[in-house]
Structure formats: structure tokens, C-alpha cells
Amino acid sequence: APTQEAVAPTQEAVAPTQEAVAPTQEAVTATQEPALAPVQPTVLRPILTEEELLVQGISVTYLEDAFQAEVEQKLGTIDHHYYDVNKAMLFGPNSKGHRRTCPRDGKEHCSYIDAVRLEEEEAGVPDHQQSTGPATLMLSWTWGATVRAVVGAIVRYCEIHNLDKSKTFIWQCALCNNQFRVEEKKASKEVVPFSDFEKKFKGPILQTKKVLALFEPWDKPGLLTRAWCLYEASIAGKYGATYEVAIPQEQEELMWAALSADGMQPLLDAFDQVDVQKAKAFNEDDRRNILRHIDRAMDPDSPAPSLACLELNVTIVKRMREAFCRITESIYQRRRDLAGWLPYKLVDNVAWVLSTPGGSKWHGRTHEVYEYGVAQPERPPELVRASPDFVWMLMHYNKHLTDTASDVGDKARCPAIMLQAEAILAAAPDDARWAPARIQVLRAQSQLANQRQDNHMHYSLLVEAIELGKRHQVDPVLRAGTMKNAAKCFWVKKKRPVQLTLLRGAEQLLRGLRPTVGYASCCEHLATVLSTGNYHEKQEAWNLFHRVEEMFRRLAVEHHHTFGKFQESYGTLLFEQGQFCEAKERFMGALHVYLVGRRGDGTFDLARVVDRTRVKVGFNLERLANCALRGAGSVDGLPEALEQVAEELLEQNRREGKMQKHLKKLPCRMQDLAAELDELLCEGREAASAPYGYGGMAHVTVRGGRDTMYR
């Protein structure tokens, strides 16, 4: 009994303990309820479809920070090209995607971008902070570029255009395609269908509507020689995507230095070498498929030029030139705003670059740059306007106004510009420093004399410029160009010995220099004049034409307008010597160059060479222009270089309407006879062909009413 009584108070003592615990639980409950209230249900990132996965890009922020850090950790430096990065990071046991299930095909191992996405999902990174998302830019580049160059160019592009790097997603084939699958198919020698690659490249272009081309190095970008990069540039225009250029910061500095010195000629020469038919691809089958996609009728392994490829070359180069002009203009405006004053030579070079694409839009921008150069304040004091560079800029501005008066304004300003330049030169010393500027002014004055049809003054001013250049030993290229201009004078053309002397002198000045298009043009002009002389001069012309052709091949500018002129002159010599088949090939080559010429500004006399080809070798002008019209739909849609030909064709058809009616009335027997005589003439021409022989040529006349048809 006492024991039970002793136990009772113990139980009573427990009771208050439980009561004491009660408030603790209430306190806990009170503490937990506020913490649970704001918690929202977990929102999972939606599962992407296969089409959405194909157009996912990786953020610029991730490339700049995490990706470069990973490259540096695994390779030691970010100056490795992507072939090394591929082996170390994009496939194999050390890659992010190793052993991860690919969300695209469900197999083991995934692409780099899929691995990044899966890692961030596993880490619980919020959707708005993810490093992957729908691509906003597609990168056109080459695997030979370094990580520093690629990422630096992309970052620089975002800084220039004020883009949020965390919201700008790049589609880059190395990171976005599954390199495990690529290497597996290489190992098994499995041929990947071209349609698969086309789908992978076409999707991002349609998604982003913007292709960002990496120009590295700036003056000779590697992508100009790669088939896939040129193909991307072509389909970008086809699907209405814009084409932009990105260059790294260090390359921008080199480009700015070139603008301050010698201009952009190296890059423009690189543009002239763009040729889809000669472009390379890692897989030869890809190259063939790309060419077949461009021209289904062509043989990809044949060296014969394809008109469709030539037209595509022009389209690509025009798009690239415009993109490069945009980045040049952007750099120029930023530097101008920072410096407040720019050297005249730099302003002149920038204006020259902006004038290269042609068209009223770029003519207007060129005009604005020249206006700034003329009107900018004279500072620093030691670089006043009375300088050779300022006169040189004035002469280029004068020529720009003369050539584009209909686009940018009034030609009436040209005399005032000439007077300003002449006034500066009148007070300047007659020394070697001022000699190039004086020669430019004399050449401009000779052009004015030529427009007034004052042939004697035209030639006299050029002779004065030649003597000035000889006295001060100025740049041989400038002297040779002046001599070539003098040889083209109307007065000199009547005096063949003087013309030959001038052209031989120009050729000798250029002989010891690096071969250029100007040198080839000078030799072509000399060969053309020699081809009208005696037997020995024709033989010299023959050898010179071979030299010029080899020079053009070495320069890889077979589509330059000067090469078209060479083809035309060479074809004329071949025709006169009875080599009609070879002449026809040359004339056709000239037509291809003129019709899809690099400049496309309509300054070449296409009607002349078309008519010459049609008359001499039976080429049909109507067929040529009709093909162009079918492709364009109307005369207005043709390239500028074809408009003149098409309009002349329409006018010719109107003039020859009556003649066509007469020809239709000719007896069938007469037409059959003419066709038979055609065959006989072809056989006779081939039999009479000889290197320096002259084959006879007959004209078969078929009369119909008052008109005559030559066959």
C-alpha cells in the first residue's frame, strides 16, 4: 500500500510535465505554419519535342564563363581549336554527355547542350535561369577556329548590339549536335544522308532568322572556302534570315589599323575568290550533295562552270559584303563618337568600303561619311586640311558624286570640290609627298576634259601626270594606272605606236611587283593591242594572253569583270585565227562573268559581248535573256547587269517584228538547205583551224522579201 501511494505522486508529477510539453508543440505548430504558407507547387520544365530539341541553343553567358573554364581546365588554354575540344569534351569518357541518355533518340550518350540542360534540371535550377533555350542566333563558323576567337566574337557582338548575354542563345553545331553519333557513324563508315544534315542546319535558321558569321581572321575568313558555310549563307537569304558578321576584339583592332592604312582590299580580294564549286567539305559526299542541291543538272565532279553556282556566288558575296559593311559602319560610328576626330585617310577608306556593295542605300551612307570628313573640325592642329590625304579624299568624293549623282544628290558640287583641291595644291610644295595627290587631281581634270570631248586636253593632262610620277618616283601602281588610262584616250587610239609605248611602260613598271588584278588587266590591254598587228606581234599577244590567264588562275579571281574582258579579247584572237570552238568557249566564259559579275553594277557593255558571241559563234541572245526572265519573273526583278540586255532584247524584238514575219514565210526547203550548209561550214572551220593560220569564213544568205538572214 505505501508503495502504491508513493507511485501516485510520481504519476501526478508526470502530468504537469505533459502539460508543460503541450505549449511546446503549440509553439512548434505556430512556428511551422508561417514557413509553409508561401511554398508553391514545383513547376517542372516541360518535356521538349524532337523538333524543339533540334533548335535549342546555349547562352552566351554560359559560353563565356562555364564553357571556357572547362576548356581551360581540361586543355590548359582556350587557344585550342575545336578539333581538340571535340576529342576532350564533346565525346568520349570525359565529356558531359557520357553515359547520359540522349533525349532525342533514347540511346546512351547525349550532346553537350543536352547534358548541360539535364545537369541544371537535376540541380533544380529555375527555368528562367537555365543556360539553354530556343536559339536566337545561328553561328556559321569553321572548326579550325579557337575557343578564344569564337566565344570572343560572340561576346563582342552582344556588347555592340546591347544584347542580354543570359538571354541570347547560340546554336553551334559542335555543341548542339550529338558528337557521339557522328563519331560512331565515322567509325562504322556509315554515310549520313544529306537530308539529315540539311534538316539540322535548316531548322536553326528558320528558328533564329539570323545567321552570325565568324570572320576570323578578318581579312581572310576560313568560312569563305567551306561548302557548308556558303550553303548556310545561301539558305539564309532563301528563308529571309539576316546575315551578320562577328569578329573578335583583337581582330577588330587589326581591321581598324588596316582602315587607317591601306584599306580593305585584302578582304575584297578574298570575297572575289568565293566559289561554291571549289569550296571544300570534310565529307566529299556532302560537297557533291550541296552542289546537286544548287544545280540538279550539273556534274559535281566536272570543272565546267555552272550558271546556277555562279549566280549563287554573287548572291553570297553580296550578302557578305553588306554584312561586313554594317560592322564596319558600326565600328566607325563608335570610334568617331569616342575620338571626335578621325584622320582623313581613315574616313576615305571607310567611305570606299561602304561604296563597294552598290545601290542607293549604300551610296547614301558613303555620302554621309564623306560629308563628315569634309566638315569635321581641323584638329589636331598639325593635321590641318591642307594635307595630301585631305586632297586625296576630296578626289574620291568628287568621283563618288560623279558616279552616283542620281542617288545622293547634285553633281553641281563637283566643280567646287575641284577648285578647293586646286587651291590647296597651288600653295603646296612640289615634292614627292604631294605628288600622288597632284596626280589624282590631274586624272580627275582629264576626265572632265574627256566629258567635254576635248581629246587633246584629256591626253595632255594624263601626260603631265605621267611625267610628274616619273619625276618624283611615286607608287608604280598609280603611275601604271595613269599610263593605261592615257593609252585608252581617243587621240592615242589613232596612234598605235604611242599606245604600245604607254602600255609596255605600264607593264614594265608592274613586272617586278606581286601579281594583282591591275597588273593582269594591263597585260590584257597590251595583248589586245598587239593582236591587231603583224605576225610577230600576234605571236607576242598569244604568249601574253597565256601569261595573263595563268595570272588570273593564280589569283583565283576567274569571276572578276577584268577576267571577262580578257576572255572576250582572247576569244576574238582565237576567232580570227580560225579556232572557232575555242573562241566560243572564251565568249561563253566572258558572258558568264559579265552576267553574274562580282560588282553587278551594270557598268559593263553586256549587249556588245552578247551580240558579238551571237554573231560569231551562233549564241542566241533571246535564249539567254528569256532564261533570265523566267528566273526573275520580270525585267525589274533582274540583276542590274541583266536589265540592259533584257531591255535591248525587247527593243530588238520590236524592231525585228517585220523581219520575223518574213522569215516565217521562207520555204521549208530553204531552211533545210541553210541547216545543211551550217554543218558543212562547221566541218570546214574545224579543218581550217591552226595556231597561227586563218580559216576562211562564208556567209550563207537567205533572202525573204527585203530582209536578209545570216546563218
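Here the structure is a predicted model, which is why all the values come from computation and not from measurement.

Criteria and thresholds
- Residues numbered from 1 in each chain as written.
- Predicted model: local features only at pLDDT ≥ 70, side-chain atom pairs only at ≥ 80, totals over all residues.
- Heavy atoms only, no water.
- Helix = DSSP H or I, 4+ residues; strand = E, 2+ residues; numbered from the N terminus.
- Contact = heavy atoms within 4.5 Å.
- Areas by Shrake-Rupley, 256 points an atom, 1.4 Å probe, with all protein chains shown as cover.
- pLDDT = per-residue confidence, 0-100.
- Expected span 1.5 Å × (residues − 1).
- Buried < 20%, exposed > 50% of the residue type's maximum accessible area, 1.4 Å probe, protein only.
- Bend = angle between axes of the 7 residues up to and from the residue.
- Pairing = 2+ DSSP bridges.
- Axes fitted to C-alpha atoms, helices over the stretch in contact; angles between N-to-C directions.
- Salt bridge = Lys/Arg side-chain N within 4 Å of Asp/Glu carboxyl O.
- Phe/Tyr/Trp six-rings, centres within 6.5 Å; stacked < 30°, edge-to-face > 60°.
- Lys NZ or Arg CZ within 6 Å of the ring centre and 35° of its normal.
- Core = buried A, V, L, I, M, F, W, Y, C linked by side-chain atoms within 4.5 Å.
- Parallel < 35°, antiparallel > 145°, perpendicular 65-115°, else oblique.
- Left-handed = near helix turned anticlockwise from the far one by under 90°.
- Nonpolar A, V, L, I, M, F, W, Y, C, P; charged D, E, K, R; others polar.
- Polar contact = N/O pair within 3.5 Å; in protein donor to acceptor, adjacent residues only side chain to side chain.
- Right-handed = clockwise from strand over helix to strand, strands pointing away.

What to know about the overall build of the protein chain
Then, number 1: Scanning the protein chain for helices and strands turns up 33 helices and eight strands.
Then, number 2: Across the protein chain, the fraction of contacts at a sequence separation of at least 24, relative to all contacts at a separation of at least 6, is 69%.
Then, number 3: For the protein chain, the computed accessible surface area is about 35,800 Å², with 53% contributed by carbon and sulfur atoms.

Structural notes on the confidence of the model for the protein chain
Then, number 1: Averaged over every residue, the pLDDT of the protein chain is 76; residues scoring 70 or more account for 72%.
Then, number 2: Across residues 658-663 the pLDDT falls below 50, and counting only partners more than four positions away or on other chains, this stretch makes seven contacts in the model.
Then, number 3: Confidence drops under pLDDT 50 across residues 687-711; counting only partners more than four residues distant or on other chains, this segment forms 52 contacts.

Quick look at helix H15 (residues 344-355)
Then, number 1: In a regular helix each residue adds 1.5 Å, so twelve residues correspond to 16 Å; H15 covers 17 Å between its end C-alpha atoms and thus fits that length.
Then, number 2: Judged by how many residues are buried, H15 sits mostly within the fold: nine of twelve residues are covered.
Then, number 3: The set of residues buried in H15 consists of Tyr 344, Leu 346, Val 347, Asp 348, Asn 349, Val 350, Ala 351, Val 353 and Leu 354.

Describing helix H3 (residues 60-75)
Then, number 1: For H3, the principal kink sits at Phe 67 and spans about 30 degrees.
Then, number 2: Every buried residue belonging to H3 is among Val 60, Tyr 62, Leu 63, Phe 67, Gln 68, Glu 70 and Val 71, and all of these are buried.
Then, number 3: In the segment just after H3, Gly 76 is the residue with positive phi, at about 90 degrees.

Some words on the sheet that holds strand E6 (residues 242-246)
Then, number 1: On the basis of which strands lie adjacent, the open sheet formed by six strands has the order E2-E1-E4-E3-E5-E6 and mixed pairing. Here the strands that pair on one side only, and so sit at the sheet edges, are strand E2 (132-134) and E6. Along the sheet, successive strands turn relative to each other by an average axial angle of 40 degrees, direction set aside.
Then, number 2: Inspection of the sheet shows strand E3 (residues 137-140) paired to strand E4 (residues 169-171) by two bridges, in the parallel sense. Looking at E4, one finds that Met 138 is bridged to Trp 171.
Then, number 3: Its contacts with the sheet put H3 on strand E1 (56-59) and E4, and the angle it makes with E1 is roughly 55 degrees.

Looking at the pairing of E1
A regular strand places its side chains on the two faces of the sheet in alternate fashion.
Then, number 1: In this structure, E1 lies alongside E2, joined through three bridges in antiparallel fashion. Bridge pairing links Ile 58 to Thr 132 in E2.
Then, number 2: In this sheet, E4 lies alongside E1 in antiparallel orientation, the contact comprising two bridges. The partner of Ile 58 across the bridge, within E4, is Ile 170.

A short note on the environment of Lys 107
Then, number 1: If you trace the backbone, Lys 107 turns up in the loop between helix H4 (82-90) and helix H5 (112-122).
Then, number 2: In this structure, the C-alpha to C-alpha distance between Lys 107 and Arg 181, residues 74 residues apart in sequence, is 9.8 Å.
Then, number 3: Among residues more than four places away in sequence, those in contact with Lys 107 are Arg 100, Thr 101, Cys 102 and Arg 181.

What about the pattern of salt bridges?
Then, number 1: Following the criterion strictly, the structure yields 32 salt bridges and no others.
Then, number 2: Its salt-bridge partner being Lys 74, residue Glu 70 comes within 3.1 Å of it at the nearest N-O pair. Taken together, the residues span about one helical turn, with Glu 70 and Lys 74 both in helix H3 at a distance of four residues.
Then, number 3: For Glu 70, a relative accessible area of 9% translates into the label buried.

What to know about the packing of aromatic side chains
Then, number 1: The final tally for this structure, using the stated rule, is 21 aromatic pairs.
Then, number 2: Seen from their ring centres, Trp 542 and Tyr 570 are 6.1 Å apart, and the 80 degrees between their planes marks the pair as edge-to-face. Taken together, the residues span a long stretch of sequence, with Trp 542 in helix H26 (residues 535-555) and Tyr 570 in helix H27 (residues 561-576) at a distance of 28 residues. For the pair Trp 542 and Tyr 570, one class covers both residues: buried.
Then, number 3: On the basis of an interplanar angle of 15 degrees and a centroid distance of 4.9 Å, the ring pair of Phe 545 and Tyr 570 is categorised as stacked. Linking Phe 545 in helix H26 with Tyr 570 in helix H27, this pair joins segments that are 25 residues apart in sequence.
Then, number 4: Three or more aromatic residues joined by ring pairs form one cluster here, namely Phe 67, Tyr 82, Tyr 83, Tyr 112, Trp 141 and Trp 143.
Then, number 5: Arg 365 extends its terminal NZ or CZ atom over the ring of Trp 362, reaching a point 4.6 Å from the ring centre.

A few points about the nonpolar core
Across soluble globular proteins, nonpolar side chains show a tendency to be buried alongside one another.
Then, number 1: In this structure, Phe 67, Tyr 82, Tyr 112, Trp 141, Phe 215, Met 320 and Phe 324 are the most contacted members of the largest nonpolar core, which totals 120 residues.
Then, number 2: The element best represented in this core is helix H14 (residues 307-339), accounting for eleven residues.
Then, number 3: Not counting the four nearest positions on each side in its chain, Phe 67 is found in contact with Tyr 62, Tyr 82, Val 85, Met 89, Tyr 112, Val 147, Val 151 and Leu 175.
Then, number 4: Formed by 40 residues, the second largest nonpolar core is a distinct cluster that contains Leu 502, Leu 526, Tyr 570 and Ala 583.

With respect to the packing of helix H24 (residues 496-511) against helix H25 (residues 517-530)
Then, number 1: Taken N-terminus to C-terminus, the directions of H24 and H25 make an angle of 150 degrees; their axes are 9 Å apart at the nearest point. Accordingly, the angle class assigned to the pair H24 and H25 is roughly antiparallel. Like other packed secondary-structure pairs, H24 and H25 cross with a definite hand, here left-handed. In this structure, H24 uses Arg 496, Gln 499, Leu 500, Leu 503, Arg 504, Ala 506, Glu 507, Leu 510 and Arg 511 to contact H25, whose residues at the interface are Gly 518, Tyr 519, Cys 522, Cys 523, His 525, Leu 526, Val 529 and Leu 530.
Then, number 2: Partitioned by chemical class, the residues of the contact of H24 with H25 number ten nonpolar, three polar and four charged.

Considering the side chain of Glu 329
Then, number 1: With respect to the secondary-structure elements, Glu 329 resides in helix H14.
Then, number 2: A relative accessible area of 13% means that Glu 329 is categorised as buried.
Then, number 3: At 3.2 Å, the side chain of Glu 329 forms a polar contact with the side chain of Arg 365.
Then, number 4: Setting aside chain neighbours within four positions, we find Glu 329 in contact with Leu 354, Trp 362 and Arg 365.

Some remarks on the side chain of His 472
Then, number 1: The residue His 472 is located in helix H21 (residues 455-472) in this model.
Then, number 2: The exposure class assigned to His 472 is buried, which follows from its relative accessible area of 18%.
Then, number 3: Residues in contact with His 472, not counting those within four places in the same chain, are Asp 430, Asp 431, Ala 432 and Ala 435.

Focus: the pairing of E6
Then, number 1: In terms of burial, E6 is a largely internal element, four of the five residues being buried.
Then, number 2: Here strand E5 (residues 210-214) runs beside E6; their pairing, made up of five bridges, is parallel. Within the sheet, the bridge partner assigned to Leu 214 lies in E6 and is Ala 246.
Then, number 3: Handedness of the crossover is the feature at issue here: the chain leaves E5, passes through helix H10 (residues 227-238), returns alongside E6, and the resulting connection is right-handed.

Structural notes on the packing of H3 against helix H6 (residues 147-160)
Then, number 1: Interaxial distance between H3 and H6 falls to 10 Å at its minimum, and their mutual angle equals 160 degrees. Classified by the angle their axes make, H3 and H6 are roughly antiparallel. Judged by the twist between their axes, the crossing of H3 over H6 is left-handed. Only Val 147, Arg 148, Val 151, Ile 154, Val 155 and Cys 158 of H6 make contact with H3, whose side of the interface consists of Val 60, Leu 63, Glu 64, Phe 67, Gln 68 and Val 71.
Then, number 2: A per-class count over the contact of H3 with H6 returns nine nonpolar, one polar and two charged.

Considerations on unusual backbone geometry
Then, number 1: Residue Glu 216 is joined to Pro 217 through a cis peptide bond whose omega torsion reads -5 degrees.
Then, number 2: Residue Gln 453 is not a glycine yet carries a positive backbone phi of 60 degrees.
Then, number 3: With respect to the helices, strands and loops of the structure, Gln 453 is situated in the loop between helix H20 (435-451) and H21.

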